[in-house]
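The residues making up each chain are set out below.
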Amino acid sequence: MRHRGVSDSEFSEFYVGHRDRCLRAAVASGLRPDEAEEAVAEAFARAWSHWGKVRRLGAPEAWVVRTAVNANISWWRKRRRESPASTPPDEVHEDGADRTDLLSAVRRLPPRQREVVVLRYLLDLSTEQTASRLGIAPGTVASQLHKAIATLRSHLTHSERTQR
Amino acid sequence: MTEDDLHDRLAAGTAHLTMRRPAGEVLGRGNRLRRRRRVTALGSIAALGAVGAIGLATILPPGSAPLTPTTSYAAGWGPELVNLDPEVADDVLRDCSSSVRGAWDDITTATLPSPVAGQSRARHTIVVYDLGEEVVNCWWSPPRASGAGAEHPTGLARERWHLPAGRHLRHAFMTRDDGPQGPVFEIAGMIEISPSVDRVTIEAGGTTYEAAVTDRVAMFWLPEGVTLSRSEYEAATVTAYDEDGEVLDTIGIHRQHESPPVG
């Protein structure tokens, strides 16, 4: 099947090549693993439904992750209106074991630092691509990354001490 | 912990997260979403046509192709956005091309692409050239009666694409006719949009108008005969929606009345 001049094999190749990284990035961005696959699959489907323009983006995989996270938040917002007791994914309380791992620490980073870590190290975007995607200067990417590493080091050191 | 450590530890710590959903399922879901969007677009246009005087025939210039909900209407610069009246198309493109090349030394015949949009209303025509990093608009009017004022006015504007972070809409170009404090008419605009935008509407004078949405911009030109009072014009808004119909952003049609980002 062809869509806007591109074949679905191009999209399939993109999907197979990026789906795991997008899933990991979505989880690091705050989605629960049990719901992330659904959200990421939906985001990929939306990407295909808009493939004519999504494929022209510098990093379509970043669009997929952002769409997955946003869609999930929208879903949670709707659900929260219906059921005030519902807990959004970014407020999930994890058990003690999870709290010690790096992924949990990434999820607790300030939003900008977390975005930089996700784009640079889970989606493997370059500093320039990350800067372009976030609308910030490459130097800001480096400084945010530096802060993120310091924060993560602090979190992990603290966790290791409290575990002893 | 160094950057390399972080990279390695993240890779190891997330290796258990794998996605097994087949590509065919995702493609199927995407195809259904696209079909649903087309049906929605058809409904919107049918509803628009039913609003009395606001028929599509009045939105589009004579001789232009209607904005049917084809794939090129929903997304992507397509031939439908170049709706120049055949009677003026040659003159418009020749004069605009010549004016653009005359105004900027770095734009030559070789570097000036074909217009990505062009429409006419009454005596006025707007042509848009996408230069990649920049966009150029040309406003054209036919020659006046022969004599001293025989030269026809051609206005030009050039600027960089620069959608602010966190926004989904930005005025690229606006044009209107009006007196000092009187009514406003011939209102046309080009709005830069984010990739998340699926639909753009103009709410003006109690009526909603659909803009033509492409990859990068939404183009609108309120129907011939639509005149807004000054207060209606200043209160008019442009709204962007995502594919689920959620509002992404709203700005005033009037440049000085931009709203804060939604959400």
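What counts and what doesn't
- Residues numbered from 1 in each chain as written.
- Chains lettered and ligands numbered in written order.
- Predicted model: local features only at pLDDT ≥ 70, side-chain atom pairs only at ≥ 80, totals over all residues.
- Helix = DSSP H or I, 4+ residues; strand = E, 2+ residues; numbered from the N terminus.
- Buried ≥ 20, exposed ≤ 12 C-beta atoms within 10 Å, placed from the backbone.
- Contact = placed C-beta atoms within 7 Å.
- Pairing = 2+ DSSP bridges.
- Axes fitted to C-alpha atoms, helices over the stretch in contact; angles between N-to-C directions.
- Left-handed = near helix turned anticlockwise from the far one by under 90°.
- Expected span 1.5 Å × (residues − 1).
- Nonpolar A, V, L, I, M, F, W, Y, C, P; charged D, E, K, R; others polar.

**Some details on the overall build of chain A**
Moving on, step 1. Regarding its fold elements, chain A presents 9 helices and 2 strands.
Moving on, step 2. What you see in chain A, going N to C, is helices and strands ordered as β-β-α-α-α-α-α-α-α-α-α.
Moving on, step 3. Each of the 164 residues in chain A was classed as buried or not, and the buried ones make up 43%.
Moving on, step 4. At a minimum sequence separation of 6, the contacts of chain A that also span at least 24 residues come to 65%.

**Some words on the pairing of strand S2 (residues 124-130) of chain B**
All names here are of chain B.
Moving on, step 1. Judged by how many residues are buried, S2 sits mostly within the fold: 5 of 7 residues are covered.
Moving on, step 2. Bridge count for strand S1 (residues 117-121) against S2 is 5 bridges, and the pairing is antiparallel. Bridge pairing links Gly118 to Val127 in S2.
Moving on, step 3. Linking two consecutive strands that pair antiparallel, namely S2 and strand S3 (residues 134-140), is a turn of 3 residues; a positive phi of about 95 degrees is found at Gly132 within it.

**Digging into the packing of helix H1 (residues 8-28) of chain A against helix H2 (residues 33-49) of chain A**
All names here are of chain A.
Moving on, step 1. Taken N-terminus to C-terminus, the directions of H1 and H2 make an angle of 145 degrees; their axes are 9 Å apart at the nearest point. The chirality of how H1 crosses H2 is right-handed. Facing H1, whose interface residues are Phe11, Tyr15, Arg19, Cys22, Leu23, Ala26 and Val27, H2 presents Pro33, Ala36, Glu37, Ala39, Val40, Phe44 and Trp48.

**A few points about helix H7 (residues 111-122) of chain A**
Residues and elements named next belong to chain A.
Moving on, step 1. For H7, spanning 12 residues, the distance from its first C-alpha to its last is 15 Å, which sits close to the expected 16 Å at 1.5 Å a residue.
Moving on, step 2. Burial analysis of H7 places 10 of its 12 residues in the buried class, which makes it a mostly covered element.
Moving on, step 3. Those residues of H7 that fall on the buried side of the exposure criterion are Gln113, Arg114, Glu115, Val116, Val117, Val118, Leu119, Arg120, Tyr121 and Leu122.
Moving on, step 4. In the stretch just after H7, Asp124 is the one whose phi turns positive, near 60 degrees.

**Some words on the interface of chain A and chain B**
Many analyses report the size of an interface as the accessible area lost when the parts associate.
Moving on, step 1. With 38 residues of chain A in contact, the opposing surface of chain B contributes 28 residues.
Moving on, step 2. Of all the secondary-structure elements, those providing two or more residues to the side of chain A that touches chain B are H1, H2, helix H3 (51-54), helix H4 (60-82), helix H6 (102-107), H7 and helix H9 (138-163) of chain A.
Moving on, step 3. Ranked by residue count, the leading element in the side of chain A that touches chain B is H1(A), at 10 residues.
Moving on, step 4. Class assignment for the residues of the side of chain A that touches chain B results in 21 nonpolar, 6 polar and 11 charged.

**Considering the sheet that holds strand S8 (residues 207-210) of chain B**
Residue and element names in this part refer to chain B.
Moving on, step 1. Taken in spatial order, the 4 strands of this open sheet run S8-S7-S12-S13, and their pairing is antiparallel. Two strands close off the open sheet at either side, each with one partner strand: S8 and strand S13 (247-252). With direction set aside, neighbouring strand axes in the sheet form an average angle of 25 degrees.
Moving on, step 2. Here 5 bridges tie strand S7 (residues 199-204) to strand S12 (residues 237-241), and the two strands are oriented antiparallel to one another. Bridging across to S12, Glu203 finds its partner in Thr237.

The values reported here are purely geometric and, on their own, carry no functional implication.
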